[in-house]
Amino acid sequence: AALLVMTLCAAPGSLLSRAMCNGSLRMLGKYSYALYVFHQPVIMAVDGVAFRLLPEADELTMRFVRYAVSIPLCLVVALLSWHLYEKHFLKLKDRFV
């Protein structure tokens, strides 16, 4: 909350203002709901496949595989959800008061 207040009060063009207007952060904000909804099922699916493919891997290797595969896969699922589903419903919001 403090970071949000500091960002809102920051001078336009300041380092904090520029950092918070970064395109990557804006993209994550746009797709954040889908990331929230789908991250757990994606992680569970990746874990299930990884445990079958790497049954004797140590914990550090499994964590690396989990994050290296889950993060990009979650982003792909979120992009697909937005473009195939969510944006079509958002077009309808001006029809309802």
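Quantities reported herein were computed from a predicted structural model and do not represent experimental measurements. (Residues numbered from 1 in each chain as written. Predicted model: local features only at pLDDT ≥ 70, side-chain atom pairs only at ≥ 80, totals over all residues. Heavy atoms only, no water.)

Participant: Which parts of the structure should I look at to understand the side chain of Ser 17?
Facilitator: Mapping Ser 17 onto the fold places it in helix α2 (residues 15-20). Once residues lying within four places of it in the same chain are set aside, the contact partners of Ser 17 are Ala 10, Ala 11 and Pro 12. (Helix = DSSP H or I, 4+ residues; strand = E, 2+ residues; numbered from the N terminus. Contact = heavy atoms within 4.5 Å.)

Participant: How should I be thinking about helix α4 (residues 32-53) in this particular structure?
Facilitator: Because the α-helix completes a turn every 3.6 residues, residues three or four places apart line up on one side. If you check α4, its first and last C-alpha atoms are 30 Å apart, about what 22 residues at 1.5 Å a residue would give, namely 32 Å. At Phe 38, α4 shows its maximal bend, which comes to roughly 45°, and the proline Pro 41 appears one to four places after that position. Buried residues of α4: Ala 34, Leu 35, Val 42, Ile 43, Val 46, Asp 47 and Ala 50, and no others. Looking at the buried side of α4, the elements it contacts are α3 (23-30) and α5 (59-90). (Expected span 1.5 Å × (residues − 1). Bend = angle between axes of the 7 residues up to and from the residue. Buried < 20%, exposed > 50% of the residue type's maximum accessible area, 1.4 Å probe, protein only.)

Participant: Is there a simple way to explain the nonpolar core in this structure?
Facilitator: Burial of nonpolar side chains together is a common tendency in soluble globular proteins. In this structure, Tyr 31, Ala 34, Leu 35, Val 42, Val 46, Cys 74, Ala 78 and Trp 82 together form the largest nonpolar core, which totals eight residues. Secondary-structure elements contributing two or more residues to this core are α4 and α5. Broken down by element, the residue count for this core peaks at four residues, all from α4. Discounting residues that sit within four places of it in the chain, Ala 78 has contacts with Tyr 31, Ala 34 and Leu 35. (Core = buried A, V, L, I, M, F, W, Y, C linked by side-chain atoms within 4.5 Å.)

Participant: Before we go on, may I ask you to explain a nonpolar patch on the surface in this structure?
Facilitator: Judged by side-chain polarity, Val 69, Leu 73, Val 76, Leu 80, Leu 84, Tyr 85, Phe 89, Leu 92 and Phe 96 come together as a nonpolar surface patch covering roughly 910 Å² of accessible area. Mapping Val 76 onto the fold places it in helix α5. Judged by its relative accessible area of 43%, Val 76 is partly exposed. (Patch = residues over 30% accessible without salt bridge, like charges linked within 9 Å, V, L, I, M, F, W, Y side chains within 5 Å. Areas by Shrake-Rupley, 256 points an atom, 1.4 Å probe, with all protein chains shown as cover. Salt bridge = Lys/Arg side-chain N within 4 Å of Asp/Glu carboxyl O.)

Just distances and angles here, no functional claims.
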